[in-house]
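Okay, here's what each chain looks like letter by letter:
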Amino acid sequence: MNIGQASKASGVSTKMIRYYDEIGLVRPASRTESNYREFDEREINELRFIRRARSLGFSMPEITQLLSLWRDRDRPSREVKAIAERHVNELDARIAEMQTMADTLRHLSHCCAGDERPDCPILADLTGGSSPVEPKSAHVRGR
């Protein structure tokens, strides 16, 4: 099948297929005499694998490792599990960090009156509690 058909079958855009080929993530597809890429079922499965790994948030180096392990039928599953557990720990840390950000913003938003006054605890927090410095007028600078 051609790249367009491979894209439809795998759910990966043609642009990304070309990119994965360019960076060596996927094995180069065979070519027709007119130099068009031809994809077989193995390559479609690899593209689906990559798409799913990306949807789970794995980085490109992690996907490279996972793809290599998937291709190796004699691999120990502990290597795959270690990669997955590291990724889960990273996700948990990011979730905790984002929850802290959301809690902080929720608190600041609650403290802001949201009215006509210029006082705003959100802006004060973003600047470390300092007010913006008023520019000196030209008259004062000239002294």
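Below you will find a few notes about this structure. (Residues numbered from 1 in each chain as written. Predicted model: local features only at pLDDT ≥ 70, side-chain atom pairs only at ≥ 80, totals over all residues. Heavy atoms only, no water.)

### Looking at the packing of aromatic side chains
Aromatic ring pairs are defined here through the distance separating the ring centres and the angle between the ring planes. In plain terms, the rule: Classification of ring pairs rests on two measures: the distance between centres of Phe, Tyr or Trp rings, Trp counted by its six-membered ring, which must be within 6.5 Å, and the angle between planes, read as stacked under 30 degrees, edge-to-face over 60 and tilted in between. Remark: exposure states derive from per-residue accessible area (1.4 Å probe, protein chains only) relative to the maximum for the residue type, with buried under 20%, exposed over 50%, and partly exposed in between.
Considering all chains together, one arrives at two aromatic pairs under this definition. Between Tyr19 and Tyr20, the ring centres sit 6.1 Å apart and the planes meet at 55 degrees, which makes this aromatic pair tilted. The exposure class assigned to Tyr20 is buried, which follows from its relative accessible area of 2%. With 4.8 Å between their ring centres and 20 degrees between their planes, Phe49 and Trp70 make a pair best called stacked.

### Re empty space enclosed by the protein
Quick reminder of the rule: Using protein atoms alone on a 1 Å grid, points that fit a 1.4 Å probe yet trap it form a cavity, whereas open point sets bounded by protein on both sides within 12 Å along at least five of seven lines form a pocket; residues with an atom within 4 Å of a point count as lining. Grid points are joined across faces, edges and corners, and a volume is the space filled by probe spheres set on the points. Here a helix means four or more residues in a row that DSSP labels H or I, a strand means two or more in a row labelled E, and each is numbered from the N terminus.
In this structure the tally under the stated criterion is one cavity of 30 Å³ or more. The space that makes up the largest cavity amounts to roughly 90 Å³. Lining of the largest cavity is provided by Ile17, Asp21, Val26, Arg27, Pro28, Ala29, Arg37, Phe39, Arg42, Glu43, Glu46 and Leu47. Elements with a minimum of two residues in the lining of the largest cavity: α2 (14-23) and α3 (41-55). Broken down by element, the residue count for the lining of the largest cavity peaks at four residues, all from α3.

### Side note on helix α4 (residues 60-71)
Residue pairs three or four apart in sequence face the same way in an α-helix, which turns once every 3.6 residues. The condition that has to hold: A helix's residues, less one, multiplied by 1.5 Å, set its expected span. Directions drawn from the helix axis to the C-beta atoms are what define this arc. The contact criterion used is simple: two residues touch if any of their non-hydrogen atoms lie within 4.5 Å.
The end-to-end C-alpha distance of α4, which contains 12 residues, comes to 16 Å, matching closely the 16 Å that a straight helix rising 1.5 Å per residue would cover. Restricting attention to buried positions, one finds in α4 the residues Glu62, Ile63, Leu66, Leu67 and Leu69. With its buried residues spanning 160 degrees around the axis, α4 presents them on a single face. Those residues of α4 hidden inside the fold are in contact with α3 and α5 (77-111).

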